[in-house]
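Report on the structure
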Amino acid sequence: VQLQASGGGLVQSGESLRLSCAASGSFFSINAIGWYRQAPGKQRELVARIRSGGSTNYADSVKGRFTISRDNAKNTVYLQMNSLKSEDTAVYYCNAGVVVVGTMEYDYWGQGTLVTVSS
């Protein structure tokens, strides 16, 4: 199973970006899938996550600005990031709980995509 993240880049404060993460390989289903981020000198933190049923949770710092969605047919998750702030600057990692066989869920990480917001 591979998670391919894309969409990062350099933007000005207040602008928007959309991140995508596509899962590929051989697996049965994807349970929760979402995004974490890690800024320089800080721990990795959850940004947003969406479960297979569609329920979501967000970090308080991004509520009202970021929206997570998923396209199950494409095994892809999206993160629409609006009103970006300099403190959103980080490497963003896609993470998924994937059922590969039976009922066992395995945790997978994408390679990370850099988001830089200049003020």
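Here the structure is shown first, and the text comes after it.
Now for a description of the structure that goes with this document. (Residues numbered from 1 in each chain as written. Predicted model: local features only at pLDDT ≥ 70, side-chain atom pairs only at ≥ 80, totals over all residues. Heavy atoms only, no water.)

1. Some remarks on the packing of aromatic side chains
The geometry of an aromatic ring pair is captured by the separation of the ring centres together with the interplanar angle, meaning the angle of the planes. Rules: Note on aromatic contacts: the rings of Phe and Tyr and the six-membered ring of Trp form a pair at centre separations within 6.5 Å, being stacked when their planes are under 30 degrees apart, edge-to-face when over 60 apart, and tilted otherwise. Over a ring means this: the NZ of a Lys or the CZ of an Arg is within 6 Å of the ring centre and within 35 degrees of the ring normal.
Taken as a whole, this structure holds one aromatic pair when the rule is applied. The cationic tip of R44 hangs over the ring face of W109; the distance from NZ or CZ to the ring centre is 4.7 Å.

2. Considering the environment of A22
Selection criterion: Only DSSP runs of H or I reaching four residues or more are called helices, and only runs of E reaching two or more are called strands; each is numbered from the N terminus. We call two residues in contact when some of their heavy atoms are within 4.5 Å.
Its location among the elements puts A22 in strand β3 (residues 17–24). C-alpha separation for the pair A22 and A5, spaced 17 residues apart in sequence, amounts to 6.6 Å. Contact partners of A22, with chain neighbours within four places excluded, come to Q2, L3, Q4, N75 and T76.

3. Things to note about the pairing of strand β11 (residues 113–118)
Heads up, the condition is: Under the scheme applied here, a residue whose accessible area is under 20% of the maximum for its type counts as buried, over 50% as exposed, and between as partly exposed, the area being computed with a 1.4 Å probe on protein chains only. Think of it this way: DSSP has to see at least two bridges between two strands before they count as a pair.
Across the two faces of β11 the burial differs, with T113, V115 and V117 buried and L114, T116 and S118 not buried at all. Summarising the sheet, strand β2 (residues 9–12) and β11 pair through four bridges and their orientation is parallel. Paired with G9 across the strands is V115, a residue of β11. Two strands pair when backbone bridges link them, and strand β9 (residues 90–101) and β11 are joined in this way by three bridges, in the antiparallel orientation. Each bridged residue has a counterpart across the sheet, and for V91 the counterpart in β11 is L114.

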